Amino acid sequence: MSAQFPDFRLGKVLATSFTGTLSERRGNAVERIPTPNRLVDWLAVSGLAVESCTTAQLERARELREAIHAAATAAARRDPLPVSAVELINERSAQGRAAAVLTPEGARRWRLGSTSSVEDALGVVAADAISVIAGERDGKLALCSSPTCQAAFFDTSQSRTRKWCDMNTCGNRQKKARFNASKRENPGSAK
Ligand SMILES: [Zn+2]
């Protein structure tokens, strides 16, 4: 039944993949976790499988998402971090009972608490946001150049000059817009 919902945009960074579940924030916003079950799906594909999710837990997840978005945006702009967002991120981080575990192959996985609750999963997401915003990871927070998006994303490119949160969506749209604009200016040009 998932087919009727918008796809997820999955990046390599948990915290900004999570804020990306609401996209086009400055345009026609697309909510990619519209139902509790869709949050369960997102958590599962993000390596944080939970047993179930209530409407209240979905609300708490979205609160965390918006707090991370606000704090990451401020960090990207080098503005002071919003106090309420920081408090919420810290609270969710403290509420989770997840442990990092090492697989025999040497990969890190998350083991949620005994009830595999949404709170445990959100704790992992909040901790990930903390490490990104605190500048502890190799990369740089930046804002997407698409005017209808402006999502905060984590740029791990070597030159740290990535412009779009997602090449396949925002990047492509911008390229098409430029292409159409140049066609209007030079109607006879093949370029
Ligand atoms: Zn974008």
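Not measured: the values here are computed from a predicted model.

**Concerning the packing of helix H3 (residues 55–77) against helix H4 (residues 83–95)**
Reasoning step 1: As a packed pair, H3 and H4 sit with axes 9 Å apart at the nearest point and diverge in direction by 130°. Between H3 and H4, the interaxial angle falls into the category oblique. In this structure, the crossing between H3 and H4 has a hand that is left-handed. Taking contact as the criterion, the partners of Glu63, Leu64, Ala67, Ile68, Ala70 and Ala71 in H3 are, on H4, Ala85, Val86, Leu88, Ile89 and Arg92.
Reasoning step 2: Taken together, the residues of the contact of H3 with H4 break down into nine nonpolar, no polar and two charged.

**Here we look at the nonpolar core**
Reasoning step 1: Formed by 46 residues in total, the largest nonpolar core has its most connected members in Leu64, Ile68, Ala72, Ile89, Val125 and Ala129.
Reasoning step 2: Elements that contribute at least two residues to this core include exactly helix H1 (14–19), helix H2 (36–45), H3, H4, helix H5 (118–133), strand S5 (140–143) and strand S6 (152–155).
Reasoning step 3: Here this core takes ten residues from H5, the largest share from any one element.
Reasoning step 4: Among all residues touching isoleucine 89, those that are not within four sequence positions of it are Leu64, Ala67, Ile68, Ala71, Ala126, Ala129 and Ile130.

Cut-off values and rules
- Residues numbered from 1 in each chain as written.
- Predicted model: local features only at pLDDT ≥ 70, side-chain atom pairs only at ≥ 80, totals over all residues.
- Axes fitted to C-alpha atoms, helices over the stretch in contact; angles between N-to-C directions.
- Helix = DSSP H or I, 4+ residues; strand = E, 2+ residues; numbered from the N terminus.
- Parallel < 35°, antiparallel > 145°, perpendicular 65-115°, else oblique.
- Left-handed = near helix turned anticlockwise from the far one by under 90°.
- Contact = placed C-beta atoms within 7 Å.
- Nonpolar A, V, L, I, M, F, W, Y, C, P; charged D, E, K, R; others polar.
- Core = buried A, V, L, I, M, F, W, Y, C linked by C-beta atoms within 7 Å.
- Buried ≥ 20, exposed ≤ 12 C-beta atoms within 10 Å, placed from the backbone.

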